[in-house]
Amino acid sequence: MTRDPELRYTPKGTAVARITLAVNRTWKSESGENKEEVSFVDVDVWGRQAEVISQYMKKGRPLLVEGRLKQDTWEDKNTKQKQRQIGRLCSKAFRSLTRIAGDSGGGGSAEAPRFASGSGSSGRARARRREADAPPEGDDVPF
């Protein structure tokens, strides 16, 4: 995570957390030179998942996110041109990839919490969870 989660609430009271993840890719070029590419991905998390991420996750911690891609479009106020950005909507599950010990983030022995997972749940329960954590229709995103 490139920064601490930004938690807000919609006018209807739904929690929304915005996080940014850095996704690294390394490879060797044809000449044998090591190359690295970093992509930054904005992720919107809704509902209870947003509150849990805001509580436990901090800048610098690795996070695995499942969800879908979404495309935001808007008109630039100055140039009046249409703008687009691809982001990710966390609609299924996420998992901390490190151990978490309190808010200090330092090497404690507490096991990282399992925030959301498909294992051990019925398909209907997972579907209800996805619906509950999806953005509600007609609710404005407070970012």
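Analysis parameters
- Residues numbered from 1 in each chain as written.
- Predicted model: local features only at pLDDT ≥ 70, side-chain atom pairs only at ≥ 80, totals over all residues.
- Heavy atoms only, no water.
- pLDDT = per-residue confidence, 0-100.
- Helix = DSSP H or I, 4+ residues; strand = E, 2+ residues; numbered from the N terminus.
- Contact = heavy atoms within 4.5 Å.
- Core = buried A, V, L, I, M, F, W, Y, C linked by side-chain atoms within 4.5 Å.
- Buried < 20%, exposed > 50% of the residue type's maximum accessible area, 1.4 Å probe, protein only.
- Pairing = 2+ DSSP bridges.
- Phe/Tyr/Trp six-rings, centres within 6.5 Å; stacked < 30°, edge-to-face > 60°.
- Lys NZ or Arg CZ within 6 Å of the ring centre and 35° of its normal.
- Salt bridge = Lys/Arg side-chain N within 4 Å of Asp/Glu carboxyl O.

Participant: What is the right way to read the confidence of the model for the chain from this model?
Facilitator: Any segment with low pLDDT has predicted coordinates that should not be analysed in fine detail. With 60% of its residues at a pLDDT of 70 or more, the chain shows a mean pLDDT of 74. Summarising per-element confidence for the chain, the mean pLDDT is lowest in helix 2 (residues 123-133) (49) and highest in strand 1 (residues 6-9) (96). Contacts of residues 101-132 to residues separated by more than four positions or lying in other chains number 42 contacts, the stretch itself having pLDDT below 50.

Participant: Please clarify how the nonpolar core should be interpreted in this entry.
Facilitator: Considering soluble globular proteins, one finds that nonpolar side chains tend to be buried as a cluster. Counting 12 residues, the largest nonpolar core consists of Met-1, Ala-15, Ala-17, Ile-19, Leu-21, Val-43, Val-45, Ala-50, Ile-53, Met-57, Leu-63 and Val-65. Per element, the largest residue contribution to this core is four residues, and it comes from strand 2 (residues 15-28).

Participant: Mind showing me how you'd approach the pairing of strand 2 here?
Facilitator: Both faces of the sheet carry side chains from a regular strand, because those side chains alternate between them. Of the strand pairs in this sheet, strand 1 and strand 2 are connected by four bridges, and their pairing is antiparallel. Note on strand 2: the bridge partner recorded for Arg-8 is Val-16. Joining the antiparallel neighbours strand 2 and strand 3 (residues 34-46) is a turn of five residues, in which Gly-32 adopts a positive phi near 90 degrees.

Participant: Hey, could you run me through the packing of aromatic side chains in this one?
Facilitator: In this description, an aromatic ring pair is defined by two values, namely the gap between the centres and the angle between the planes. Counted according to the given criterion, the structure contains zero aromatic pairs. Across the ring face of Trp-27, the terminal group of Arg-25 is positioned such that the distance to the ring centre comes to 4.0 Å.

Participant: How should I be thinking about the pattern of salt bridges in this particular structure?
Facilitator: Any two side chains of opposite charge can pair, given that their charged atoms come close. With the rule as written, the count across this model stands at five salt bridges. In this structure, the salt-bridge partner of Glu-6 is Arg-8, at a minimum N-O distance of 2.8 Å. The class of Arg-8 is partly exposed, set by a relative accessible area of 34%. When the shortest N-O distance is used, the salt bridge between Glu-37 and Arg-25 registers 3.6 Å.

Participant: Looking at this structure, how should I read the side chain of Ser-54?
Facilitator: Secondary-structure assignment places Ser-54 in helix 1 (residues 48-56). You can call Ser-54 buried: its relative accessible area is 19%. Sequence-distant contacts of Ser-54, that is, excluding residues within four places in its chain, are made with Pro-5 and Leu-7.

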